[in-house]
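What follows is the residue order along each chain.
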Amino acid sequence: MRSRYESLRNDEHTGERRCWPCTAVNAAILLFACVGVARRRSRSLAAALGVVGAAAIAFRGYLVPYTPRFAPRLVSALPGEFSLGKSGGPTPGAPDASESLGDSGGGEAVLAALLDAGVVIAAGETVYLEDDFREAWRAEMRNLRNRDDDGLAAALRAAAPEGRVVDVVNPSENGWIERDDRWFVVSDGSDDPATENWLTRPVAVAETAAVRTLADRTDLPASRRAQAAGPLRTFLERCPVCDGSVEETTAMDCCGGPGGTRPDAPDEVLACGDCDARLHTFQ
Ligand SMILES: [Zn+2]
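Keep in mind the model is a prediction, meaning the values are calculated, not measured.

A. Up close: the sheet that holds strand β4 (residues 183–187). Sheet architecture is open: three strands sit in the order β3-β4-β5, paired in antiparallel fashion. Each of the sheet's edge strands pairs with one partner strand only, and the pair in question is β3 (165–169) and β5 (197–200). Taking each pair of neighbouring strands and ignoring which way they run, the sheet shows an average axis angle of 25 degrees. Of the strand pairs in this sheet, β3 and β4 are connected by five bridges, and their pairing is antiparallel. Considered in β4, the bridge of Val168 is made with Phe184.

Right under this line is the structure:
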């Protein structure tokens, strides 16, 4: 059930996508404007401006036009603590977007194996997921989403290639950021970051379920099943964690996502229309 605020607001710049540098810059500009109006004109006019401006920031994400273009640069040029605002997102070591359970190799061989197994069906220029497989996969996702983190981690470990270990990293427990986001980190157990794959919870649910469904319904070897889990995510039509419908959209943070690395290149992504879970990032 969406609240009235949620139905009015502009999702591109509010909620999880709100850009805190933009918000802070706008709040400061609004405050200066109100003080100026109160001094030169009238207090009631300043109060009205304050209310309207604050509402604009709340609903649209920002008040001053083109804020997303200048605020990140402005904020990054400011000294000290203020510029920490933009590090509200990234978890140390976490990637911008979820990675995958399997290695990313063998793209065409993976597709060929899925076609061979009848999981994916080719029709002219396009390929689609076989209906029974989709239903079975969705049932596995429903089952897995109800598990707690440890239960999901155990299932992920069983689905991962042999010898991999899974750690649940919860940054908010370590006091790094005050946000409830967990990462499922699949690695070889050494502390070498090059061997780590970081999965969000929705992706961990989707990929674990995909591997289990492949194990049930095909004779693909375990390594191939793990490799196929990532590509299969592109076929998701329902959200692994809330059943919302999956849509193609852009991941548009004002600062180009966590860390502010790519202001001009929003990623094309598959994301849940209800809970905003990002499910696939197109390269
Ligand atoms: Zn969802």
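B. Quick look at the coordination of the zinc ion. Surrounding the zinc ion are the protein donor atoms Cys239 (SG), Cys242 (SG), Cys272 (SG) and Cys275 (SG), which sit 2.2 to 2.4 Å from the metal. Coordination at the zinc ion is tetrahedral: its four donor atoms span angles of 98 to 120 degrees at the metal. Here the donor residues of the zinc ion are spaced in sequence according to C-x2-C-x29-C-x2-C. Of this pair, Cys239 sits in the loop between α9 (222–232) and β6 (246–251) while Cys272 sits in strand β7 (residues 267–272), and the two are 33 residues apart along the sequence. This pair shows no difference in class: Cys239 is buried, exactly as Cys272 is.

C. Representation of unusual backbone geometry in the model. With a phi angle near 70 degrees, Asp243 is a residue other than glycine that sits in the positive phi range. Secondary-structure assignment places Asp243 in the loop between α9 and β6. Positive phi values are uncommon outside glycine, yet Asp276 reaches one of about 70 degrees. Looking at the secondary structure, you find Asp276 in the loop between β7 and β8 (278–281).

D. The arrangement of the side chain of Arg225 in detail. Relative to the helices and strands, Arg225 is located in helix α9. No salt bridge forms around the buried Arg225; measuring N to O, its nearest opposite-charge neighbour Asp219 is 8.3 Å away. If we skip the residues at most four places from it in the chain, Arg225 touches Val211, Leu214, Ala215 and Leu220.

E. Molecular detail of the packing of aromatic side chains. The full count for this structure, using the stated rule, is two aromatic pairs. A centroid spacing of 6.3 Å and a plane angle of 50 degrees characterise the contact between Phe133 and Trp137, whose relative ring orientation is tilted. Of this pair, Phe133 and Trp137 both sit in helix α6 (residues 131–145), four residues apart, which is roughly one turn of that helix. Residue class for Phe133 comes out buried when judged on its relative accessible area of 1%. With a centroid separation of 5.9 Å and an interplanar angle of 65 degrees, the aromatic rings of Trp183 and Trp198 are classed as edge-to-face. Residue Trp183 is found in strand β4, and its partner Trp198 is found in strand β5; the two are separated by 15 residues along the sequence. With a relative accessible area of 8%, Trp183 lands in the buried category. Look at Trp198 and you get buried, because its relative accessible area is 8%.

What counts and how
Residues numbered from 1 in each chain as written. Predicted model: local features only at pLDDT ≥ 70, side-chain atom pairs only at ≥ 80, totals over all residues. Heavy atoms only, no water. Pairing = 2+ DSSP bridges. Helix = DSSP H or I, 4+ residues; strand = E, 2+ residues; numbered from the N terminus. Axes fitted to C-alpha atoms, helices over the stretch in contact; angles between N-to-C directions. Donors = N, O, S within 2.8 Å, 3.2 Å for Na, K, Ca; no water. Tetrahedral: all angles 85-135°; square planar, octahedral: opposite > 155°, others 65-115°. Buried < 20%, exposed > 50% of the residue type's maximum accessible area, 1.4 Å probe, protein only. Lys, Arg positive; Asp, Glu negative; His and termini not counted. Salt bridge = Lys/Arg side-chain N within 4 Å of Asp/Glu carboxyl O. Contact = heavy atoms within 4.5 Å. Phe/Tyr/Trp six-rings, centres within 6.5 Å; stacked < 30°, edge-to-face > 60°.

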